[in-house]
Amino acid sequence: MEKDLLDYLLISEDILLHSDSYASTLGALSSLDWKPDIYEQRILEELNRIDQTIAVLASNTSKDSFNHHAHMSRVRKTTLYPEDTFNGRQTYLDRLSQEMVSAQANWYDTYNTYSPSELSILGEEGSSRSFHYSDDGLVINLDQVKDLPAFELKCLAAFYGFPGLQSFIPHPEDSLKSFLNLPAYTLGWAGYILDEVGTRDLGNKLDYLYFARLQSSMALADLKLHSDQWSIDEAVKYITENTPYTSHRITLMLGQVQQNPGYYASALGGKLKFSELKSRCLAEGKSCQADFNQQIIDQGPIPFEVLESLIF
């Protein structure tokens, strides 16, 4: 495996350092051989799936008469936000911390064995980013409380904490895995497992779909902005109309999209790839719940071709 990782590192690092090709960058960040047009097709299919599911769950009449934009606007106006005070912001951080504890209790059966999440949560102000995850913890921009809707708390806990990103235990320095930069694997897994949690958390299904809609929309914007098909204003308009998030929060996230070409698109590609692997696992009659999940966490992050050879 280390030889396979070295081969991949040599190729991907050269691309990320020297290539101006967006398609090559996508390949290096994902380990997938999808061209940008395949990404766009798959992302649009995922957006359509999410929108149809939202329409079925949120509509009181037939989904044919469901007004998606009006629904998102209504959710944005009626959801709860933290108080615009120091105590209000601190209460938000405390609630998110509690949701992280609850996620470990609720979704413990995701794996066979796991280490409890010890993610530190920090607030910051005066920053140009929204949420920033690293080995040091999760840093959240608290400038505008309207950027922090209550419906998102459970999603953030599962995505950044357990069973999402915090499931990956840092690899020892004697493995080349510690040098890999594969958002398709790590963020892709977090997005994939969030969908799994969302189908089980029966009373909050829409909340997870709103979060998935935001991540998928950012992936589409990633493609459109870096192929000069959209301006920033067009991206903000599209995502504001199709999600219940504020334009300020969306603008901050799009700043991150601009600074990190291919990051969001490759992450969504990874999410869809994990869904493919799960379908293949089921088709081959394997154990595809905790055993399957455990292999992905224990082995990763690694290129998907290597993962497939290990699982299948």
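Residues numbered from 1 in each chain as written. Predicted model: local features only at pLDDT ≥ 70, side-chain atom pairs only at ≥ 80, totals over all residues. Heavy atoms only, no water.

Asker: Run through the overall build of the protein, naming residues and quoting values.
Answerer: When its secondary structure is counted, the protein shows 13 helices and three strands. Here the C-alpha radius of gyration of the protein, 19 Å, is about what a compact globule of 312 residues would show, namely 20 Å. Each of the three principal axes of the protein carries a C-alpha extent, and together these read 55 × 45 × 45 Å. Out of the 312 residues in the protein, the part that is buried amounts to 52%. The long-range share in the protein, meaning contacts at least 24 apart out of those at least 6 apart in sequence, stands at 72%. Split by element, the accessible area of the protein, about 14,700 Å² in all, is 49% carbon and sulfur. With 25 positive and 43 negative side-chain charges, the protein shows a spacing of 8 Å between the two charge centroids. (Helix = DSSP H or I, 4+ residues; strand = E, 2+ residues; numbered from the N terminus. Rg over C-alpha atoms; globule rule 2.2 N^0.38 Å. Buried < 20%, exposed > 50% of the residue type's maximum accessible area, 1.4 Å probe, protein only. Contact = heavy atoms within 4.5 Å. Areas by Shrake-Rupley, 256 points an atom, 1.4 Å probe, with all protein chains shown as cover. Lys, Arg positive; Asp, Glu negative; His and termini not counted. Charge placed at Lys NZ, Arg CZ, Asp CG, Glu CD.)

Asker: Now, about the state of the cysteines: what can you tell me, with residues and values included?
Answerer: Enumeration over the complete set of coordinates arrives at one disulfide. Between C281 and C288 runs a disulfide, and the two sulfur atoms are separated by 2.1 Å. Between C281 and C288, the S-S dihedral sits near -100°, and the bridge is therefore left-handed. Per residue, the accessibility class of C281 equals that of C288, and both read buried. (Disulfide = S-S within 2.5 Å.)

Asker: Explain the environment of A157 to me, using residue names and the numbers behind them.
Answerer: Structurally, A157 can be placed in helix 6 (residues 153-160). Counting along the chain gives 54 residues from A157 to A103, while the straight-line C-alpha distance between them is 6.7 Å. Residues contacting A157, with those up to four places away along its chain left out, are L96, E99, M100 and F162.

Asker: Can you tell me about the nonpolar core, naming the residues and giving the values?
Answerer: Formed by 91 residues in total, the largest nonpolar core has its most connected members in I140 and L254. Top element by residues in this core is helix 8 (residues 205-225). It accounts for 12 residues. For I140, the residues in contact, after removing those within four places along its chain, are Y92, L93, L96, I121, L122, G123, E124, S130, F131 and L148. (Core = buried A, V, L, I, M, F, W, Y, C linked by side-chain atoms within 4.5 Å.)

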